[in-house]
Amino acid sequence: MSAGAGGGTAASAAAGGGGARPSGGPRLSERKGYAYGVTAGLVLLMLAPLFRRPPVDSFPLSTYPMFSWGRHDARTTVERAVGVDSRGERRPIPPRLVGSEEVLQAKATLAHSIRQGARAARALCRGVAARVAEDDRYADVVKVEIRTDTFDAVAFFDGHETPIDSKLHATCKVGAR
């Protein structure tokens, strides 16, 4: 019995002696090399914004400039409604009494009325005062102010809560108090 031309090749391939691999896929070392290459490429891509001059902030890769760039000062300006008691003490009116449970919606309502002018600010003030009159937790409040206050944020969180600048847009009495 003699081996045919193709018989020996098939037997040696089945025994793992050369030719195509039975799994048909790349070798483990080739897959690892590919994975390392892709990982290194992604890491370099993530670090690329750090080397741009001037720095450029863009999606999806960000240098987060709001946290990494220095501020000239720590001043912040806030539109707000303030309750004033009979002794003249002021305290902030919560967003729900301004007209929304959402802080940013209440802020937008205040900012919009201030931009619209004195008439809109007075109308908002009367609405806030009516809601304050119905809330027993604010029974000591005798008037409401719609104002824009500027604070030094660092000093504010250090206990100095007095505004460094204020602008009064509207004031109104609370109910029959």
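Residues numbered from 1 in each chain as written. Predicted model: local features only at pLDDT ≥ 70, side-chain atom pairs only at ≥ 80, totals over all residues. Heavy atoms only, no water.

S.K.: Quick question: what am I supposed to make of helix α6 (residues 118-133) here?
M.R.: Every α-helix carries 3.6 residues per turn, so stepping three or four residues along brings you back to the same face. Helix length check: α6, at 16 residues, gives a terminal C-alpha distance of 22 Å against a target of 22 Å (1.5 Å per residue), a fit within 8%. Along α6, the residues classified as buried are A121, L124, C125, V128, A129 and V132. Angularly, the buried residues of α6 cover 140 degrees about the axis, an arc narrow enough to put them on a single face. The exposed set on the far side of α6, more than 90 degrees from its buried face, consists of R119 and R126. (Helix = DSSP H or I, 4+ residues; strand = E, 2+ residues; numbered from the N terminus. Expected span 1.5 Å × (residues − 1). Buried < 20%, exposed > 50% of the residue type's maximum accessible area, 1.4 Å probe, protein only. Arc of directions from axis to C-beta.)

S.K.: Help me understand the sheet that holds strand β1 (residues 75-85) in this model?
M.R.: Hydrogen bonds along the backbone pair up the strands of a sheet, which may run parallel or antiparallel. If you walk across this open sheet you meet the four strands as β2-β1-β3-β4, and the pairing is antiparallel. The sheet is open, and its two edges are formed by β2 (90-92) and β4 (165-173), each paired on a single side. Averaged over neighbouring strand pairs, the angle between their axes works out to 30 degrees when direction is ignored. Both strand β3 (residues 141-152) and β4 contribute to a ladder of eight bridges, which runs antiparallel. Note that in β4 the partner of T148 across the bridge is K167. The strands touched by helix α5 (residues 103-116) are β1, β3 and β4; relative to β1, the strand with the most contacts, the crossing angle is about 90 degrees. Relative to the sheet, α6 contacts β1, β3 and β4, its axis offset from that of β4 by approximately 60 degrees. (Pairing = 2+ DSSP bridges. Axes fitted to C-alpha atoms, helices over the stretch in contact; angles between N-to-C directions. Contact = heavy atoms within 4.5 Å.)

S.K.: Which parts of the structure should I look at to understand the packing of aromatic side chains?
M.R.: Within a pair of aromatic rings, the relevant descriptors are the distance that separates the centres and the angle that separates the planes. In this structure the tally under the stated criterion is two aromatic pairs. Consider the rings of F151 and F156, whose centres lie 5.3 Å apart with planes at 75 degrees: the pair is edge-to-face. Overall, the relative accessible area of 26% leaves F156 in the partly exposed class. Measuring from centroid to centroid gives 5.3 Å for F156 and F157, while their planes differ by 85 degrees, and the two rings are edge-to-face. (Phe/Tyr/Trp six-rings, centres within 6.5 Å; stacked < 30°, edge-to-face > 60°.)

Just distances and angles here, no functional claims.
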